[in-house]
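Listed below are the residues making up each chain.
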Number of protein chains: 2
Amino acid sequence: TTSSSSSSSSSNLLFRQLFEKESSTYTYLLADLTHPDKPALLVDPVDKTVDRDISIVEELGLKLIYAINTHVHADHVTGTGLLKSKVEGVKSMISKASNSKADLFVEHGDKIQIGNLFLEVRATPGHTAGCVTYVTGDGLDQPQPRMAFTGDALLIRGCGRTDFQGGSSSQLYKSVHSQIFSLPKDTLVYPAHDYKGFTVSTVGEEMLYNPRLTKDEETFKNIMENLQLSYPKMIDVAVPANMVCGLQDVTKDPTKPL
Amino acid sequence: TTSSSSSSSSSNLLFRQLFEKESSTYTYLLADLTHPDKPALLVDPVDKTVDRDISIVEELGLKLIYAINTHVHADHVTGTGLLKSKVEGVKSMISKASNSKADLFVEHGDKIQIGNLFLEVRATPGHTAGCVTYVTGDGLDQPQPRMAFTGDALLIRGCGRTDFQGGSSSQLYKSVHSQIFSLPKDTLVYPAHDYKGFTVSTVGEEMLYNPRLTKDEETFKNIMENLQLSYPKMIDVAVPANMVCGLQDVTKDPTKPL
Ligand SMILES: [Fe+2]
Ligand SMILES: [Fe+2]
């Protein structure tokens, strides 16, 4: 058994987990309340819930500066483009390895600063070639325990599929073991999705109970090769849209004049 | 604007929020990790997700002692009866004012002890006649900020309907203002439901932004009388079942011999 608390605390962190039911996607809001601007960022916003996200940002008196994605989602359209169009000054961000459009690109080892808080970028490819995990900073001035926004690399008692978008089961196995399971065991795991109603897990819990990633690499690869998943409904719409922050470039729309 | 953290922390509290998608119900797991038994309770478990709840209790090495309800739900069947049948030693609990069957009954002012943690019972009638809010203890050895499990009395930017099950808009208004809005502003509000994907709010936030309960009592009563809600689908099944912990008494089942 694993003993661990299940919320992170820091006098400066405001943290909210938000859920989009149709795609079972979690969006995360983080802000530094001690900074005079109360700078904030959203991880994995969904287009359909952008107005909800903007209203909570406004009510809490935050200044949204970044809208970031863990990867190019295949199951929903990102809200980063809409957020940029609706809130002044927001910059979209994604990994350079995703090959997508965005205002800013991150790479393994980068730090994303929000006031005095920061997120560390860890490359965790395997579900897609450009997947990253964002981890709150190390250090006593940062939230304790640490929080890892794992996207679809590591889900609660599961993981993302590896059969398209440059996926690779062998790469995913290495990513999770070297970049996530190497974090302190009490690190909170906040995934991009959950389909059973779990909201959070910990690194220690997943190291003990993840039915896939506790196996050896060969068994893991076998499991992933035999999932027999159907082709995702949204992929042909979501992926191209998400490559451009969720908004199709209107100048390229043949039905509209330039 | 309101500035507040959004998670509670205490070295002894294990806390998990769990979601049931069909009825958009939140179940909460609380446990005292410092006590040798790791005693735990579930607030508002749902029958359909009992196996998920039992598996997380087991994996975390907890001893489930109580399965408690904030009120007699009309939209889903409680999991308390199933939990009792599947996990030895679990006691069901609900307010005496609910007029339901359970192992233990609570009244306003009671304390529910789980190891060294406790919940305070506050009567918050109005959605139903027997609604209570469970609030984590006052005191530095208890989670900070406090956490209020408000059931359907206070929802995030909303509240439960007041048109059946002994509901009363005037009573609900008084309950929320005297029993919930009187808590410290940083108290975390964990409702029984959310339909927009919010997971938590605070007393301070609801005092500022709840579209119903920030109004004066007359306006509130008018809002509640003009909601024109349809009759809840599940009520005729859920209410009788929930009056007996979600399990019909098998000895009264005419199709089965005694
Ligand atoms: Fe994905
Ligand atoms: Fe209810």
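Further up the page is the structure itself.
Residues numbered from 1 in each chain as written. Chains lettered and ligands numbered in written order. Predicted model: local features only at pLDDT ≥ 70, side-chain atom pairs only at ≥ 80, totals over all residues. Heavy atoms only, no water.

Draft legend 1. Focus on the packing of helix H3 (residues 169–180) of chain A against helix H5 (residues 217–225) of chain A. All names here are of chain A. Orientation of H3 relative to H5, taken along the N-to-C sense of each, is 130°, at an axis distance of 9 Å. The angle between the axes of H3 and H5 places the two elements in the oblique class. Crossing geometry of H3 relative to H5 is assigned as right-handed. Along the contact surface, H3 presents Ser169, Ser170, Leu172, Tyr173 and Lys174, while H5 presents Glu217, Phe220, Lys221, Met224 and Glu225. Across the contact of H3 with H5, the residue classes break down as four nonpolar, two polar and four charged. (Axes fitted to C-alpha atoms, helices over the stretch in contact; angles between N-to-C directions. Helix = DSSP H or I, 4+ residues; strand = E, 2+ residues; numbered from the N terminus. Parallel < 35°, antiparallel > 145°, perpendicular 65-115°, else oblique. Left-handed = near helix turned anticlockwise from the far one by under 90°. Contact = heavy atoms within 4.5 Å. Nonpolar A, V, L, I, M, F, W, Y, C, P; charged D, E, K, R; others polar.)

Draft legend 2. Structural context of the pairing of strand E7 (residues 111–114) of chain B. Residue and element names in this part refer to chain B. Here E7 shows a buried face lined by Ile112 and Ile114 and an unburied face lined by Lys111 and Gln113. Pairing geometry for E7 and strand E8 (residues 117–123), over four bridges, is antiparallel. If you follow Lys111 over to E8, its bridge partner there is Glu120. Between E7 and the antiparallel strand that follows it, E8, lie two residues; Gly115 among them carries a positive phi value of about 60°. (Buried < 20%, exposed > 50% of the residue type's maximum accessible area, 1.4 Å probe, protein only. Pairing = 2+ DSSP bridges.)

Draft legend 3. Just the pattern of salt bridges, in detail. Inspection of every chain in the model, using the stated rule, returns 30 salt bridges over all chains. With a shortest N-O distance of 2.6 Å, Arg157 of chain A and Glu206 of chain A are connected by a salt bridge. Pair noted here: Arg157 of chain A is in the loop between strand E10 (147–151) and H3 and Glu206 of chain A is in helix H4 (residues 203–209), with a separation of 49 residues, a long-range link. Each member of the pair, Arg157 of chain A together with Glu206 of chain A, is buried. A salt bridge links Glu205 of chain A to Arg16 of chain B; the nearest nitrogen and oxygen atoms lie 2.6 Å apart. Of this pair, Glu205 of chain A sits in helix H4 while Arg16 of chain B is found in strand E1 (residues 13–20), placing the two residues in two different chains. Because the salt bridges share partners, they merge into one network encompassing Arg16 and Glu59 of chain A together with Arg157, Glu205 and Glu206 of chain B. (Salt bridge = Lys/Arg side-chain N within 4 Å of Asp/Glu carboxyl O.)

Draft legend 4. Molecular detail of the sheet that holds strand E2 (residues 25–32) of chain B. All names here are of chain B. The strand order E1-E2-E3-E4-E5-E6 describes an open sheet built from six strands, whose pairing is mixed. Strands at the two margins of the open sheet, each flanked by one partner only, are E1 and strand E6 (104–106). Adjacent strand axes in the sheet meet at a mean angle of 25°, parallel and antiparallel pairs treated alike. Of the strand pairs in this sheet, strand E4 (residues 63–68) and strand E5 (residues 91–95) are connected by three bridges, and their pairing is parallel. By the bridge assignment, Tyr66 is partnered in E5 with Lys91.

Draft legend 5. How the structure looks around unusual backbone geometry. Along the chain, Gln144 of chain A connects to Pro145 of chain A via a cis peptide bond; the corresponding omega equals -10°. For Pro145 of chain A, the location among the structural elements is in the loop between strand E9 (132–136) and E10. The backbone phi angle of Arg157 of chain A is positive, close to 60°, even though this residue is not glycine. Backbone geometry places Asn99 of chain B, a non-glycine residue, at a positive phi of 60°. Secondary-structure assignment places Asn99 of chain B in the loop between E5 and E6. Classification of Asn99 of chain B by relative accessible area gives exposed; the value is 66%.

Draft legend 6. Structural context of the coordination of the iron ion (ligand 1). Residues and elements named next belong to chain A. Bound to the iron ion (ligand 1) are the protein donor atoms His71 (NE2), His127 (NE2) and Asp152 (OD), situated 2.1 to 2.3 Å from the metal. Mapped onto the polypeptide sequence, the residues donating to the iron ion (ligand 1) form the spacing pattern H-x55-H-x24-D. With His71 in the loop between strand E4 (63–68) and helix H2 (80–86) and His127 in the loop between strand E8 (117–123) and E9, this residue pair connects regions lying 56 residues apart in the sequence. Assigned by exposure class, His71 and His127 land together as buried. (Donors = N, O, S within 2.8 Å, 3.2 Å for Na, K, Ca; no water.)

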